[in-house]
Amino acid sequence: MARDFQGKIELDVRDSEADWEAFLPAKAPQGAPNVLVVLYDDTGQAAWSPYGGRINMPTMDRLARNGLTYAQWHTTALCSPTRSTFLTGRNHHSNGFATISESSTGFPGYNSHIPAHNVPMAHLLRDAGWSTFWVGKNHNVPIDDWTAGSSKKNWPLAQGYDRFYGFIGGETNNWYPSLAEDNHYIDQPYSPEEGYHLSKDLADQALKMIRDSKQTEPDKPWYLWFCPGANHAPHHAPQEYIDKYKGAFDDGYEAYREWVLARMIEKGIVPADTELTPLNPMAEGTYSAADHVRPWAELNEEEKAMFCRMAEVYAGFSEYTDAQVGRIIDYLEESGQLDNTIIFYCADNGASGEGSPNGSVNEGKIFGGYPDSLEENLRLVDKLGSPDTYNHYPTGWAAAFSTPYRMFKRYVYQGGVCDPLVIHWPAGISARGEVRSQYHHSTDIVATILDVCGLSLPETYNGVPQRPLDGVSMRYSFDAASDGPTQKETQYYEMFGNRGIWHRGWKAVTEHGPVSGKGDYENDRWQLFHTDVDRAEAHDLAAEHPEKVAELTRLWMEEAKRNDVLPLNDLAILTNPEDFDLFINHMEFHQPAPPSGQYTYYPGTTEIPERSSANVHGVSYKVAADVDLTPASQGVIFAQGSRFGGHSLYIKDGRLTYCYNFLGVPPLYLISAPIALTGRHVLGVEFTKQSMGEHREGLGPLALYIDDQKVAEEQIRTVLGHFSLSGEGLCIGYDSADAVSPEYQGQRFEFRDGEIKKVVFDVADDAYLDLEAHLAAAMARD
């Protein structure tokens, strides 16, 4: 109840007095602001126009002109961890989000389950009278809760949100996304051929939620967390937005760094004496080779043209999404809500170096543990940004868009953690178009929102004592001079073994790259930067101030223990076979395999996330489907993945076909045989892993079976890691989102004119015929 009942209860209702107010939800204070948080992915400060970058962001420019641009606002260096701080206002390890959900492990700071003592802010806003909406990326559902049958207590509705529409996981295909609404997965509403793009769809849904709320509760404020897929890979955009940038990056990423630094200085983002850091600033052997930047002069003309096109696509993706945010802003202005809506427009970490030194036309190869081919990339250069590619630019652009800082996403140098933030609130901020240089962090956003909404964190919530906020309110900076002192004193950093700590204008960082696999943390070299005067961290002062290094390393350990940072994990799972085996087999979450090694799936069900389905990667496997056929039967029996990596079994044009799509890399394996059967049968495949290729891909024969007869066989190679980071799960009787096989591209190709009884995956050592016999027995019982 909002308050105790104050009416009167007698025997007869005629003599009693009702008190509706006791049962109605609390109302927000009169004049309370709406709150809009726009949180992009993977964007360094030097990318966007408000910071001097070459990517035009008209909506963000508009908000910056009438608001504040923050020059020293920081994140955790990775998406899930940063987003967890937006949820709770606590440090990422204390939220259980040391890393992304997909690579969580069974340790307190790493398990991706937000503890009850870190109540999400949305609960507090909803309890106080705000409508609460989450639209777009949700990278904070624990990996073990992604399935349709899992508990939904870690999904948005149980985290304080009235509505959710978006996708679960680190990324999704912007043309064919894996979508969820509230507590369940859904199909995308229309196709790319009909004008679909995820950024547009998300803006449509956000506008609908706000309008729905305002037409019935016009005085009720709202909080919207708007999280587009941009600018995370895959970089997808309408062609007209890509073409806007034709030739814009032809000078290359090294020239861009020089150009944009001058613009950043001119805009007051960095001091006039700020220096560029080296393109590859770390000593050899201290970071992963995949994070190396190739000097522009060493590229051939084809490579330069391709790299420039990749930057053009990224820029078009960013501006197109900004235009969709602009539709929301236009609505707020037209409806009279803009002035009293506090808007935070920002990004969750620095530009991404996950595209490797050469970029990629299929970023999924990274998660499959397979290297990119320059020849393959060049073959698809004209398709970049379209549904035919799953592209990511090379590390050189990550360094350029994180100018003038060292490194990029995943590193706790400024390049990974210093990010764009514009705050706009005409009703609450009198300053216009100014830069603020106070040191702040993503943990400060929740404290700021609670402050401007007149709320505070309770000592207990639902009977659970609460951990204090780790952030401080930024409200003091709204009308303070740019050079005024910060009210933040300390912020630790850690990402994949790369450690850092900022304290009162000084920052210490270990020269120990994330996922470098080097371990030996006790012997790390700590670098020291006086960030009050050296914003770019260009000058290491450790030798001149050993006492300061000792002070900060002690302070880092205190913060590490307070926030559950240990044990440190820098496993190089994509390059080191021992680290891969340790992580995949002993640390990464997998649905526990049944003792039989068999998983049984049924039609008419929701797709199963890859990490919760039978794991067919790096092993021998069998699949058998119990089906009832007619002469007209056709469609997908099972499918998992997409055109960028996956496998499916289907009937089409009188043929039974198993398609194995090895990360979109030719050859495409289509093992096929004619089928003209009626009645109940077993259709299946058996892959026998006989050896491993150069990149540890599985090699061996794939046999296609109809009942107990082998009807076709071909040598194939199979993916070691994953088909995708998230989405594109295992489907029975259809292919969700983007199709695995080109033979039914652009459709779900649902099974029809027959019936799938069940599909059994077997990753044990049984022979195929044993599995067929098991199914025959099961068929007899059904």
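Criteria and cut-off values
- Residues numbered from 1 in each chain as written.
- Predicted model: local features only at pLDDT ≥ 70, side-chain atom pairs only at ≥ 80, totals over all residues.
- Heavy atoms only, no water.
- Core = buried A, V, L, I, M, F, W, Y, C linked by side-chain atoms within 4.5 Å.
- Buried < 20%, exposed > 50% of the residue type's maximum accessible area, 1.4 Å probe, protein only.
- Helix = DSSP H or I, 4+ residues; strand = E, 2+ residues; numbered from the N terminus.
- Contact = heavy atoms within 4.5 Å.
- Salt bridge = Lys/Arg side-chain N within 4 Å of Asp/Glu carboxyl O.
- Polar contact = N/O pair within 3.5 Å; in protein donor to acceptor, adjacent residues only side chain to side chain.
- Phe/Tyr/Trp six-rings, centres within 6.5 Å; stacked < 30°, edge-to-face > 60°.
- 1 Å grid on protein atoms, 1.4 Å probe; cavity = no way out; pocket = protein on both sides within 12 Å on 5 of 7 lines; lining within 4 Å.
- Points joined across faces, edges and corners; volume = space filled by probe spheres on them.
- Nonpolar A, V, L, I, M, F, W, Y, C, P; charged D, E, K, R; others polar.
- pLDDT = per-residue confidence, 0-100.
- Pairing = 2+ DSSP bridges.
- Axes fitted to C-alpha atoms, helices over the stretch in contact; angles between N-to-C directions.
- Expected span 1.5 Å × (residues − 1).
- Lys, Arg positive; Asp, Glu negative; His and termini not counted.
- Disulfide = S-S within 2.5 Å.

Core analysis: the largest hydrophobic core is formed by 101 residues, its most contacted members being Leu-36, Ile-55, Phe-226, Tyr-345, Trp-397 and Phe-401. For this core, the element with the highest residue contribution is helix H7 (residues 301-334), accounting for 14 residues. Sequence-distant contacts of Phe-226, that is, excluding residues within four places in its chain, are made with Leu-36, Val-37, Val-38, Leu-39, Val-135, Leu-202, Ala-203, Ala-206, Val-325 and Ile-328.

Burial of helix H12 (residues 444-452) is extensive: eight of the nine residues sit out of reach of the surface. Inspection of H12 places Asp-444, Ile-445, Val-446, Ala-447, Thr-448, Ile-449, Leu-450 and Val-452 among the buried residues, and these make up the whole buried set. Where H12 terminates, the next one or two residues include Gly-454, which has phi positive at roughly 75°.

One pass over the structure, following the stated rule, counts 47 salt bridges. A salt bridge links Arg-3 to Asp-19, with the nearest nitrogen and oxygen atoms 2.7 Å apart. You can see Arg-3 sitting in the segment before strand E1 (34-40) and its partner Asp-19 sitting in the segment before E1, a full 16 residues away along the chain. For Arg-3, a relative accessible area of 30% puts it in the partly exposed group. When its relative accessible area of 10% is taken as the criterion, Asp-19 is described as buried. Notably, a salt bridge pairs Glu-434 with Arg-436, separated by 2.9 Å at the nearest N-O pair. Under the relative-accessibility criterion, Arg-436 is labelled buried at 1%.

This part is about unusual backbone geometry. Here the residue pair Leu-566 and Pro-567 is connected by a cis peptide bond, since its omega of 0° sits within 30 degrees of zero. For Pro-567, the location among the structural elements is in the loop between helix H13 (546-562) and helix H14 (577-587). A cis amide bond, omega 0°, links Pro-666 with the succeeding residue Pro-667. Phi is positive for Met-407, which is not a glycine, with a value near 60°.

The next point concerns the side chain of Asp-626. Mapping Asp-626 onto the fold places it in strand E19 (residues 621-642). Residue class for Asp-626 comes out buried when judged on its relative accessible area of 0%. Of the polar contacts made by the side chain of Asp-626, one reaches the side chain of Arg-680; its length is 2.9 Å.

Turning next to the environment of Val-38. Note that Val-38 resides in strand E1. Considering only alpha carbons, one finds Val-38 and Ala-347, 309 residues apart in sequence, at a separation of 8.0 Å. Those residues in contact with Val-38 that sit more than four places away from it in its chain are Phe-226, Val-325, Phe-344, Tyr-345 and Cys-346.

This part takes up the packing of aromatic side chains. Geometrically, a pair of aromatic rings is defined through the distance of the ring centres and the angle of the planes. Applying the stated criterion across every chain, the model contains 44 aromatic pairs. Ring centres of Tyr-599 and Tyr-601 lie 6.4 Å apart, and the angle between their planes is 10°; this geometry places the pair in the stacked category. Accessibility assignment for this pair places Tyr-599 and Tyr-601 in one class, buried. Between Phe-638 and Tyr-658, the ring centres sit 6.5 Å apart and the planes meet at 50°, which makes this aromatic pair tilted.

Right, let's get into empty space enclosed by the protein. One way to see where empty space is left: roll a probe the size of a water molecule over the atoms. Summed over all chains, the structure comprises five cavities of 30 Å³ or more. Considered as a void within the structure, the largest cavity measures approximately 100 Å³ in volume. Here the lining of the largest cavity is built from residues that sort into three nonpolar, 10 polar and two charged. Taken as a whole, the second largest cavity encloses approximately 80 Å³ of empty space. For the lining of the second largest cavity, the class distribution of residues is five nonpolar, two polar and one charged.

Quick look at the environment of His-93 now. Its place among the elements puts His-93 in the loop between helix H2 (79-88) and helix H3 (121-127). Spatially, the C-alpha atom of His-93 lies 21 Å from that of Trp-526, the residues being 433 residues apart in sequence. In this structure, His-93 is in contact with Ala-98, Pro-108, Gly-109, Tyr-110, Tyr-492, Glu-494, Asn-563, Asp-564 and Val-565, ignoring residues within four places of it in sequence. Within the structure, the side chain of His-93 is placed 3.3 Å from the side chain of His-92, a separation counted as a polar contact.

The calculated volume of the second largest pocket comes to roughly 610 Å³. For the second largest pocket, the lining is made up of 23 residues, of which Ala-28, Gly-129, Asp-219, Lys-220 and Pro-221 are closest to its centre. For the lining of the second largest pocket, the per-class residue count stands at nine nonpolar, seven polar and seven charged.

Below, the discussion takes up the confidence of the model for the protein. Taken as a whole, the protein shows an average pLDDT of 94; of its residues, 96% reach a score of 70 or greater. Low pLDDT, under 50, characterises residues 766-770; the stretch is placed with 16 contacts to residues that sit more than four places away or in other chains.

A separate point is the sheet that holds strand E16 (residues 506-510). Within the open sheet, the four strands sit side by side as E14-E15-E16-E17. Their pairing is antiparallel. At either margin of the open sheet sits one strand with a lone partner, and together these are strand E14 (490-495) and strand E17 (526-530). This sheet shows a mean twist of 15° between the axes of neighbouring strands, independent of strand direction. Note: E16 against E17, five bridges, orientation antiparallel. Each residue of the ladder has a partner; that of Thr-510, found in E17, is Trp-526. The strands that H13 touches are E14, strand E15 (498-503), E16 and E17; relative to E15, the one it contacts most, it runs at about 110°.

Attention shifts here to helix H6 (residues 253-266). The terminal C-alpha atoms of H6, which comprises 14 residues, lie 20 Å apart, in line with the 20 Å expected from a rise of 1.5 Å per residue. Considering only its buried residues, H6 is in contact with H7 and helix H10 (395-401). Trailing H6 by a residue or two, Gly-268 shows a phi angle of about 80°, which is positive.

Along the chain, the position of Arg-717 falls in strand E26 (residues 709-718). Buried charge without a salt bridge: Arg-717, with Glu-697 as the nearest opposite-charge side chain at an N-O distance of 4.4 Å. Within the structure, Arg-717 has its side chain in polar contact with the side chain of Tyr-370 (distance 2.9 Å). A distance of 3.2 Å separates the side chain of Arg-717 from the backbone oxygen of Pro-666, its partner in a polar contact. Ignoring any residue separated from it by four or fewer positions in sequence, one finds Arg-717 in contact with Tyr-370, Tyr-660, Phe-662, Val-665, Pro-666, Pro-667, Tyr-669, Glu-697, Gly-698 and Leu-699.

Next up on the list: the environment of Asn-66. Following the sequence through the fold, Asn-66 ends up in the loop between helix H1 (58-65) and strand E2 (68-74). Judged by relative accessible area, Asn-66 falls into the partly exposed class, the value being 34%. The spatial distance from the C-alpha of Asn-66 to the C-alpha of Val-422 is 9.8 Å, given a sequence separation of 356 residues. Contacts of Asn-66, omitting those with residues within four sequence positions, involve His-424, Ala-431, Arg-432 and Gly-433. Here Arg-62 takes part through its backbone oxygen, which lies 3.2 Å from a polar atom of the side chain of Asn-66.

What follows concerns the state of the cysteines. Throughout the structure, instances matching the rule amount to zero disulfides. Free of any disulfide, Cys-418 has its nearest neighbouring cysteine sulfur in Cys-346, separated by 13 Å.

A separate point is the pairing of strand E22 (residues 669-674). Here E22 shows a buried face lined by Tyr-669, Ile-671 and Ala-673 and an unburied face lined by Leu-670, Ser-672 and Pro-674. Pairing geometry for strand E21 (residues 655-661) and E22, over six bridges, is antiparallel. Following the sheet pairing, Leu-656 is matched in E22 by Ala-673.

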